[in-house]
Every structure is written in structure tokens, then in C-alpha cells.
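Observations on the three-dimensional arrangement
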Amino acid sequence: MTRITILVGALLTCGLMQSCLYDGIQDCADFCNQLDVDNHWTLAPEASPEGMAYFFFPKSGSGSWRFDIPGKDGGDLRLPLGDYAFITINDDTSVIFENDKSFSSIVASTLPCDLLSGAAVDLNEARPHRITDSDQTVVMCPDMLWCDYSPYVSIGFDELSYEIVSDGSRILTSSMMLLPTHPRQIVSRYHFIISNVANLEGVSRMCAAMSGMAADVSLCDLSRSSVGVTLPFAAVRSGESEISGEFMTFGLASDKSVRNVLYLFVWLTDGSRHSYEFDVTSQTLAASDPMDVWVRVDSLDLPLPDDSQETFDVSVDQWNTVVINIGKG
């Protein structure tokens, strides 16, 4: 086969890939080559994504190529020759990829939602009249995410060069056009337990929220936003006198002055509403594993329901808010 035949075949193949292009790359004017993305899961052995997205950002020009391949193993791709930055992340998620035409700007974030979305409530029902960090946006908790990235991938005619960052920055080459990746978990799991809760039998429903969590994560270096947001989530009765719950998050806001307040919203059987605030910043900052954080509160006295209450107007903002100082526990 002549060199001309090889080049014509490559150009025809690129012409079939326009569905993989984002805005900014209009056509495949340069020669193309095939590479094999090979995902290694040693950093996340229990990961089970239904599919992965692969972003290639040309060093020259703008825009990005995106490929979505089912399964967790990777697969073959064809791209024009040249230098790129690269990101892979699972695509079986409701997380939003913002600024996805730029390697240095692409972030993962979530949509705004209701403060009480962790409980099955009427969204027209009155909200708590205040929360301590009332200026923070309330957004959905992220789904599980696994990600890897490389600031440098060079596709040549007969060789692939790439920078690996998972175990230290170094440049490697592959004559077999093999691009290995090492995705890792990039969201944290937070748990909370409130023990020794009095009068828990009088609760009809409840939910919780946490303030001071990162609004997004940058996929080019996995750094967290300095902006704090509030994440709502479910709270359940997990024992005779215990309330617990867990949620996923991008982690703490990188601004260390942003506080983490755990909010508990409680509806009693008489229809009354009560909210409680616990500043748990000292616990989140001192967590031994930032990917698996436990927050504990000891002792909470809930009021007894008023059995004489016959009717309750749910349209009236009658939340009783209590701020509880739990110290450095």
C-alpha cells in the first residue's frame, strides 16, 4: 500500500467522525491516526461506570473532541495528528461539564435545587426563615465521578507521546499508539450521625443539608472551587435515638474561611417545624480521610409534639431555629 493510499484512508476516516466534534473544530484538515485508550482501575478497583467520556483539547486552535464509549475499559479512537491535552471522566452522571471547550477551564458542577429536597415535601411549603450561610447557593449533590487527565498527548504518524500524572509527572512514548489512563475517585463521601436524640418518636419526617462545600471541581488539576455552596440530602432514623445520613460532594471549598454547618430540618407529628444548626468545621478540617468524612454530633433534645394541636397552617412560616454549639467534638 502506498503512502498516498494510507493518507487518503486516514482523511476519509476523519471525515466520518464529525459527530464527535464540538464547536471550534470544523473539519479534519490534517492527517489522522488511531490510538487505543486503555483504562487501568488500580486507583479505583471497585469502580463500575457504565461509560466514559474522553476529551481531547488541541494545543493549537480552540474547541475539543469528545468521544463517549460504553463500558469502563476504553477503546480505539481516531484523531488528527498533533498535540493535545486530555481528560477522561465517566459519563453516566447528571453532573454538568461546564466550559468544555478549554482544558484549563472545564469544571464539573451541579444544578441548583431546593433546600428541603432531601425530604418529600410540598415545594410550596414555607421554608426555614433563616440559615446561617443564607448567601450560599443550594445545589444538588454530585454523582460518583472517576477522572484522569494529562496536560500533554502528542499523536504522530508512528508514535504516541503522553505525560502521565497519576504517579508523578513524566513523559512516556508508545510505538503501539497506546494511551493508558488511571482514573481515580474525585468526589468525597460524607456521613453524619446525631446520637442520643431525645423524643425521636415524635418526628414525622426530616432532612438535612451541609454548607461550605465546593461549588465545582476543575478537571485539569482536580482543584476545588473556593466558593462554598449548600448541599441538601436525606436524613433517616437509624436507631432508637439516632439520626444519620450521607451524601456525595466535590469536597470542602478551598477557601478555609468558609464554615461547614450541618442543618437538620424536622417536622413533628403535630405539624410543627424545627431546624437545628451545628457548626462542624473543626471536624471536616480534621478528617483523616478527605474522601470519606464522618461528622458526629452527640445529644439533641427534640420537643415533644403538642397532642392538643388539631390543625396547622402549613403556609405560615413557623420554623423554630436552634443554633447548637458542639465545640470541637
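Quick note: structure is the one above.
In what follows, the accompanying structure is described. What you are looking at is a predicted structure, and each value in this text was computed from that prediction instead of being measured. (Residues numbered from 1 in each chain as written. Predicted model: local features only at pLDDT ≥ 70, side-chain atom pairs only at ≥ 80, totals over all residues. Heavy atoms only, no water.)

**Some words on the sheet that holds strand 4 (residues 74–80)**
With mixed pairing, the 3 strands of this open sheet are ordered in space as 4-1-11. Two strands close off the open sheet at either side, each with one partner strand: strand 4 and strand 11 (178–181). When strand polarity is set aside, the average angle formed by the axes of neighbouring strands in this sheet is 30°. Pairing of strand 1 (residues 32–39) with strand 11 involves 4 bridges; the strand directions are parallel. Counterpart to V37 in the pairing with strand 11 is L179. (Pairing = 2+ DSSP bridges. Helix = DSSP H or I, 4+ residues; strand = E, 2+ residues; numbered from the N terminus. Axes fitted to C-alpha atoms, helices over the stretch in contact; angles between N-to-C directions.)

**What about the pairing of strand 18 (residues 242–249)?**
Counted residue by residue, strand 18 has 6 buried out of 8 residues, so it is predominantly covered. Judged from the 7 bridges that link them, strand 13 (residues 188–198) and strand 18 form a sheet pairing that is antiparallel. By the bridge assignment, I193 is partnered in strand 18 with S244. (Buried < 20%, exposed > 50% of the residue type's maximum accessible area, 1.4 Å probe, protein only.)

**Focus on the pattern of salt bridges**
Per the counting criterion, the structure on display carries 6 salt bridges. One salt bridge connects R184 with D148, and the closest N-O pair in it is separated by 2.9 Å. Taken together, the residues R184 in strand 12 (residues 184–185) and D148 in strand 8 (residues 146–155) connect sequence positions 36 residues apart. Both residues of the pair, R184 and D148, belong to the buried class. Between R237 and E240 there is a salt bridge, with its nearest N and O atoms 3.7 Å apart. For R237, a relative accessible area of 41% puts it in the partly exposed group. (Salt bridge = Lys/Arg side-chain N within 4 Å of Asp/Glu carboxyl O.)

**Description of the sheet that holds strand 16 (residues 228–234)**
Reading across the sheet, the 5 strands line up as 16-14-19-20-22 and stay open at both edges, with mixed pairing between neighbours. Edge positions in the open sheet fall to strand 16 and strand 22 (319–324), since each of these has one partner strand only. Recorded for the sheet is a direction-independent mean angle of 20° between the axes of neighbouring strands. Two elements, strand 14 (residues 203–214) and strand 19 (residues 261–268), share 7 bridges in a ladder whose sense is antiparallel. Within strand 19, the residue paired with M210 across the bridge is L262.

**Overview of the nonpolar core**
F192, I194, M210, I243, L264 and F278 are the most contacted members of the largest nonpolar core, which has 32 residues in total. Those elements that provide at least two residues to this core are strand 13, strand 14, strand 16, strand 18, strand 19, strand 20 (273–279) and strand 21 (292–301). The element best represented in this core is strand 14, accounting for 5 residues. The contacts of L264, once residues within four sequence positions are left out, are I194, C207, A208, A235, I243, H274, S275, Y276, F278 and L300. A85, I186, V187 and L222 belong to the second largest nonpolar core, which has 24 residues in total. (Core = buried A, V, L, I, M, F, W, Y, C linked by side-chain atoms within 4.5 Å. Contact = heavy atoms within 4.5 Å.)

**Observations concerning the environment of S188**
Its location among the elements puts S188 in strand 13. Given a relative accessible area of 2%, S188 falls into the buried group. The sequence separation of S188 and T249 amounts to 61 residues, and the corresponding C-alpha distance is 5.3 Å. Contacts of S188, omitting those with residues within four sequence positions, involve F247, M248, T249, G251, P290 and M291.

**Comments concerning the side chain of D216**
Within the secondary structure, D216 sits in strand 15 (residues 216–218). Of the side chains with opposite charge, R224 lies nearest to the buried D216, which makes no salt bridge, at 8.6 Å. Setting aside residues no more than four positions away along its own chain, D216 makes contact with V107, A108, S109, S223, R224, S225 and F250. (Lys, Arg positive; Asp, Glu negative; His and termini not counted.)

**Quick look at empty space enclosed by the protein**
Gaps between atoms show up when a probe of the same size as a water molecule is rolled over them. Under the definition given, this model contains 2 cavities of 30 Å³ or more. Breaking the lining of the largest cavity down by element, the ones donating at least two residues are strand 8, strand 9 (160–164) and strand 11. Among the residues forming the lining of the largest cavity, the class breakdown is 7 nonpolar, 4 polar and 2 charged. Residue lining of the second largest cavity: G212, L252, A253, D255, K256, V258, N260, T281 and L285, and that is the complete set. By residue class, the composition of the lining of the second largest cavity is 4 nonpolar, 3 polar and 2 charged. (1 Å grid on protein atoms, 1.4 Å probe; cavity = no way out; pocket = protein on both sides within 12 Å on 5 of 7 lines; lining within 4 Å. Points joined across faces, edges and corners; volume = space filled by probe spheres on them. Nonpolar A, V, L, I, M, F, W, Y, C, P; charged D, E, K, R; others polar.)

**Side note on the packing of aromatic side chains**
As enumerated under the stated definition, the model contains 15 aromatic pairs in all. Centre to centre, the rings of F31 and F157 are 5.6 Å apart; their planes meet at 45°, and the pair counts as tilted. One end of the pair, F31, is in the loop between helix 1 (3–15) and strand 1; the other, F157, is in the loop between strand 8 and strand 9, with 126 residues separating them in the sequence. We classify F31 as partly exposed; its relative accessible area is 32%. Ring plane angle 10° and centroid distance 6.2 Å describe the contact between W65 and F67, whose orientation is recorded as stacked. Residue classification places W65 among the buried positions, given a relative accessible area of 1%. (Phe/Tyr/Trp six-rings, centres within 6.5 Å; stacked < 30°, edge-to-face > 60°.)

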